[in-house]
Amino acid sequence: QLDTKTKKRGGGAGGQDQEPGAGPRAGPMSLDEALAHLQQSQAHLDTLGHAFVLSLKDSQQEQLRGYSRAYDLSRSERSKVHRLAVAMATDGQPLRRIAELLAVAVGPLDLSALENNFSLRDTDLQLLLLYRTQAVLKDRP
C-alpha cells in the first residue's frame, strides 16, 4: 500500500521525490526503506510544532510564511533544507534566523565563536553561513 501511494505521488520508478543521485527505484520499497521513510517523516512532523517553525508560519510577512511552507514540504530532506537556507541567505535574512532553521532541521550549530570573535559584514556572514550549511548538510546521513 505504501508503494502504491508513493507511485501516485510521483515517487517510485524515476520519482522526483528521491534525493539526487538516488537513481530510479528498481522495484517495490523494502521494509527497511519503508521504515526509514516513516521515521524521517515522523521526525520532520515533530519539528513542525517547533516555536521557530510556528513563528514563520504565523508571521505577518509573506516571505517568512513562504519559508515555512518550503520547510513544511521539505520533509527535512538535506537538499531541500540546503536550498531553503541558501534562499534565505540570498534574500538577506539574519544569520540567527537561518541558524534557527538549521538547528530545527539538522541540529544546533555553535555560531557564538564566529559572532563574538569576528566583526564581519552581513554579506560576509551570509557567505560563511552558505559554506557552513553546505558542509553540515553534506555530512548528514
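Here, every reference points to the structure presented above.
Quick look at the structure, then. What you see is a predicted model; the values in this text were computed from it and never measured.

Each value, and the rule that gives it
Within each chain, residue numbers correspond to sequence positions counted from 1 in written order. Under the rules for a predicted model, residues below a pLDDT of 70 receive no local features and side-chain atom pairs below 80 are neither given nor counted, while totals for whole chains, interfaces and linings still include all residues. The side-chain numbers reported here are obtained from all heavy atoms of the structure, hydrogens and water having been left aside. Secondary structure elements follow DSSP: runs of H or I of four or more residues count as helices, runs of E of two or more count as strands, with numbering from the N terminus. Here a residue-residue contact requires only that any non-hydrogen atoms of the pair lie within 4.5 Å. Surface accessibility in these figures is a Shrake-Rupley result with a 1.4 Å probe; residues are shielded only by whichever protein chains are displayed. With a 1.4 Å probe rolled over the protein chains alone, any residue whose accessible area is under 20% of its type maximum counts as buried; one over 50% counts as exposed, and the rest are partly exposed. N or O atoms closer than or at 3.5 Å make up a polar contact, with two conditions inside protein: a donor-capable atom paired with an acceptor-capable one, and, for residues adjacent in sequence, both atoms drawn from side chains. Take the residue count of a helix, subtract one, and multiply by 1.5 Å to get its expected span. It is the directions from the helix axis to the C-beta atoms whose arc is reported. Take a side-chain nitrogen of Lys or Arg and a carboxyl oxygen of Asp or Glu: if they are within 4 Å of each other, that pair is a salt bridge.

**Topic: the overall build of the protein**
Of the regular secondary structure elements, the protein holds eight helices and zero strands. In the protein, the order of α-helices and β-strands from amino to carboxyl end is α-α-α-α-α-α-α-α. The contacts of the protein with a sequence gap of at least 6 include a subset with a gap of at least 24, amounting to 54%. For the protein, the computed accessible surface area is about 9,000 Å², with 54% contributed by carbon and sulfur atoms.

**Points about the environment of Q93**
Counting through the fold element by element, Q93 comes out in the loop between α5 (78-90) and α6 (95-106). Classification of Q93 by relative accessible area gives buried; the value is 8%. Sequence-wise, Q93 and Q126 are 33 residues apart; in three dimensions their C-alpha atoms are separated by 8.6 Å. Dropping the residues within four chain positions of it, Q93 is found in contact with Q63, L64, Y67, M88, I98 and Q126. Looking at Q93, its side chain comes within polar contact range of the side chain of Q63, at 3.2 Å. Here R97 takes part through its side chain, which lies 2.4 Å from a polar atom of the side chain of Q93.

**Remarks on helix α4 (residues 62-74)**
With 13 residues, α4 extends 18 Å between its outermost C-alpha atoms, agreeing within 8% with the 18 Å of an ideal straight helix rising 1.5 Å per residue. Within α4, the full set of buried residues consists of L64, Y67, S68, Y71 and S74. The buried residues of α4 occupy one face: seen down the axis, they fall within an arc of 125°. A positive backbone phi angle near 55° is found at R75, which sits one or two residues after α4.

**Thoughts on the pattern of salt bridges**
The tally for this structure, following the rule as stated, stands at four salt bridges. Here R69 makes a salt bridge to E62, at a shortest N to O gap of 2.5 Å. You can call R69 partly exposed: its relative accessible area is 45%. For E62, a relative accessible area of 43% gives the class partly exposed. Two residues, K80 and E77, come together in a salt bridge whose shortest N-O distance is 3.5 Å. E77 gets classed as buried once you look at its relative accessible area, which sits at 6%. A cluster of three or more residues bridged by salt bridges with shared partners is formed by E62, R65 and R69.

**A closer look at unusual backbone geometry**
The bulk of non-glycine residues show a negative phi, and the bulk of peptide bonds are trans. We note that R75 has phi near 55°; this positive angle belongs to a residue other than glycine. The phi angle at S76 is positive, at roughly 60°, despite the residue not being glycine. With respect to the helices and strands, S76 occurs in the loop between α4 and α5. In this structure S76 comes out as buried when scored by relative accessible area, which is 6%.

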